[in-house]
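Single-letter residue listing:
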Amino acid sequence: MLDPKRTVAELRELQELTGDEDGAQRVAWTDTWVEAQEWMAGKLDGIEMEFDEARNQWWTVPGESERTLVIGGHLDSVPNGGWLDGSLNVVAGSEVLRRIAEDGRPPVTVRLVSWADEEGARFGRSLFGSSAAGGSMADQHELRERKDADGTSLPEAIGAHGVDLDRATGARRQLENAAAYLELHIEQGPVLESMDLPLGVVLGTFGVERHLVTFRGQASHAGSTPMDQRRDALAAAGLLALELYDIAERGGGVCTMGSVVTKPGIVTSVVETAECLLDQRNLEADRLASMLESAKTAAARFAEERNVEVDWERIWNIEPILFDEELIELADESIREVTGTSHRLPSGPLHDAAEVSRAGIPTVMLFVQSLRGLSHTKLEDTKEEHLELSVQALDRLADRTIAWVSA
Ligand SMILES: [Zn+2]
């Protein structure tokens, strides 16, 4: 029988085992992470378990058909992380998997996966295991060059856990029979709490455009340069920072100027260069493109007004990933069955579900409310009653999805 209270108790146990007074310490490719994997294996004793070539951990309940429902999450955390980010998905998924196994042979195969290194906390490379399985892990050369803060290379660190970078993409075969993918996650934002709703359905993950925008003016003496004769790079950057609020609102997305580095960076000089890091996100590709276009137009205008130059360099981008419409419906129904009301929202952060969806497997996510919208901190929290509801909703959704896959 499904026991959502057990999920909460197990999450507390995991936190006790792998966290300290600063929060969760299950950073991927560390002994604590392995300890968490072994702990999880112990909880699912009797269900077939294997590690794939990327050290994703899989449990399988064979069904009448090889077509497979996959439920996923990640046990790794950021350093000083929260007790729920990623681990809720796996521990709640294990509860659902146990319930399905108890009920006898399901019509389709059901698998739980704990993806390796979702957070990328140690090497700055998120979604390691899910990208290996999903097929987007392309640039092995770039991965080979990565080092952690202590100078240990990524191949060395993963090699210590039996993973060979050249063979990691062998994980792809794990998704060969996958017909649907479900992931429960804490929201990590304030939307559901502000609406007083425990659960929501995720429509997809935002596309991201990340750029370095550099304004170049002229350094000159802060005392002797009249205000109307300055070529102040920061003045132009500041105007763009404010304009982003309008651009985001018009585009229905979010824009963040997360960093501005000024040079020469002294109080006695007008700013010569302002290097701005700009992050723009939207659920719709054409709106993301037009937000970027608007920012470029605005930057050019402000540069002209302030008599400075501006140039753009793309750092990184990813297209929006939209989840499966039919699974979104099923998720809505499951949440309404459990709580009465559902809500649909996009995800700002990326998740393993995005990699699976990109691989062409029908995918949906459930979000459960985060208190104060906080995550990646030990302050991350969700009401226990909401955690229990989330396990029930995932369970209801798993049953609906099994019926959908076997139809
Ligand atoms: Zn996560």
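Above this text you will find the structure in question.
Here the structure is a predicted model, which is why all the values come from computation and not from measurement.

Digging into the overall build of the protein chain
Looking only at helices and strands, one finds twelve helices and 15 strands in the protein chain. Here the protein chain has a C-alpha radius of gyration of 23 Å; the compact-globule value for 407 residues is 22 Å, and the two agree. For the protein chain, the spread of C-alpha atoms along the three principal axes comes to 80 × 45 × 40 Å. Buried residues in the protein chain amount to 54% of all 407 residues. Looking at the protein chain alone, contacts between residues at least 24 apart form 78% of all its contacts between residues at least 6 apart. Carbon and sulfur atoms provide 47% of the accessible area of the protein chain, an area that totals close to 17000 Å².

Describing the environment of E16
Topologically, E16 is positioned in helix α1 (residues 4-18). In this structure E16 comes out as exposed when scored by relative accessible area, which is 67%.

Focus on the pairing of strand β11 (residues 273-282)
Both faces of the sheet carry side chains from a regular strand, because those side chains alternate between them. Taking burial as the measure, the ten residues of β11 include eight buried ones, the bulk of the element. Pairing of strand β9 (residues 207-216) with β11 involves ten bridges; the strand directions are antiparallel. When the sheet's bridge partners are listed, T214 is paired in β11 with E275.

Some words on the side chain of H351
Inspection of the secondary structure assignment puts H351 in the loop between β14 (344-347) and α11 (352-358). For H351, a relative accessible area of 1% gives the class buried. Within the structure, H351 has its side chain in polar contact with the side chain of S347 (distance 3.4 Å). Once you skip the residues sitting within four places of it in the chain, H351 turns out to touch E118, L127, E183, H185, Q188, T205, M365 and F367.

Concerning the coordination of the zinc ion
Distances from the zinc ion to its protein donors, H74 (NE2), D85 (OD) and H185 (NE2), fall within 2.0 to 2.2 Å. Linear spacing of the donor residues for the zinc ion on their chain is H-x10-D-x99-H. On the criterion of sequence distance, the pair formed by D85 in the loop between β5 (65-73) and α3 (87-102) and H185 in strand β7 (residues 178-186) is long-range, its members being 100 residues apart. According to the relative accessible area criterion, D85 is buried, its value standing at 3%. Since its relative accessible area comes to 0%, H185 is described here as buried.

Details of the packing of α1 against helix α12 (residues 384-406)
Running from N to C, α1 and α12 cross one another at 120 degrees; their axes reach a closest spacing of 8 Å. Regarding the angle of α1 to α12, the classification is oblique. At the point where α1 passes α12, the crossing takes the right-handed sense. Every residue of α12 that contacts α1 at P4, K5, T7, V8 and R12 is listed here: E384, L387, E388, V391 and Q392. Class assignment for the residues of the contact of α1 with α12 results in four nonpolar, two polar and four charged.

Examining the packing of α3 against α12
Taken N-terminus to C-terminus, the directions of α3 and α12 make an angle of 55 degrees; their axes are 10 Å apart at the nearest point. On the basis of their axis angle, the class for α3 and α12 is oblique. In this structure, the crossing between α3 and α12 has a hand that is right-handed. Residue-level inspection shows L88, A92, G93, E95, V96, R99 and I100 of α3 in contact with α12, the latter providing L387, S390, V391, L394, D395, A398, D399 and I402. For the contact of α3 with α12, the per-class residue count stands at nine nonpolar, two polar and four charged.

Looking at the nonpolar core
Judged by nonpolar contacts, the single largest core of 92 residues is most densely connected at W29, L88 and F128. With eight residues, α12 is the single largest residue contributor to this core. Discounting chain neighbours no more than four positions away, the residues touching F128 are W29, A54, A116, D117, M137, L154, I158, L165 and A168. Of all hydrophobic cores here, the second largest spans 23 residues; its members include C255, A274, C276 and A299.

Overview of the side chain of D352
With respect to the secondary-structure elements, D352 resides in helix α11. It turns out D352 is buried and unbridged, and the closest side chain with the opposite charge, R125, is 8.4 Å from it. Here the side chain of D352 touches S130 through a polar contact of 2.6 Å, side chain to side chain. Those residues in contact with D352, other than ones at most four positions away along the chain, are G73, H74, W115, E118, L127, S130, Y181 and E183.

Cut-offs applied
Residues numbered from 1 in each chain as written. Predicted model: local features only at pLDDT ≥ 70, side-chain atom pairs only at ≥ 80, totals over all residues. Heavy atoms only, no water. Helix = DSSP H or I, 4+ residues; strand = E, 2+ residues; numbered from the N terminus. Rg over C-alpha atoms; globule rule 2.2 N^0.38 Å. Buried < 20%, exposed > 50% of the residue type's maximum accessible area, 1.4 Å probe, protein only. Contact = heavy atoms within 4.5 Å. Areas by Shrake-Rupley, 256 points an atom, 1.4 Å probe, with all protein chains shown as cover. Pairing = 2+ DSSP bridges. Polar contact = N/O pair within 3.5 Å; in protein donor to acceptor, adjacent residues only side chain to side chain. Donors = N, O, S within 2.8 Å, 3.2 Å for Na, K, Ca; no water. Axes fitted to C-alpha atoms, helices over the stretch in contact; angles between N-to-C directions. Parallel < 35°, antiparallel > 145°, perpendicular 65-115°, else oblique. Left-handed = near helix turned anticlockwise from the far one by under 90°. Nonpolar A, V, L, I, M, F, W, Y, C, P; charged D, E, K, R; others polar. Core = buried A, V, L, I, M, F, W, Y, C linked by side-chain atoms within 4.5 Å. Lys, Arg positive; Asp, Glu negative; His and termini not counted. Salt bridge = Lys/Arg side-chain N within 4 Å of Asp/Glu carboxyl O.

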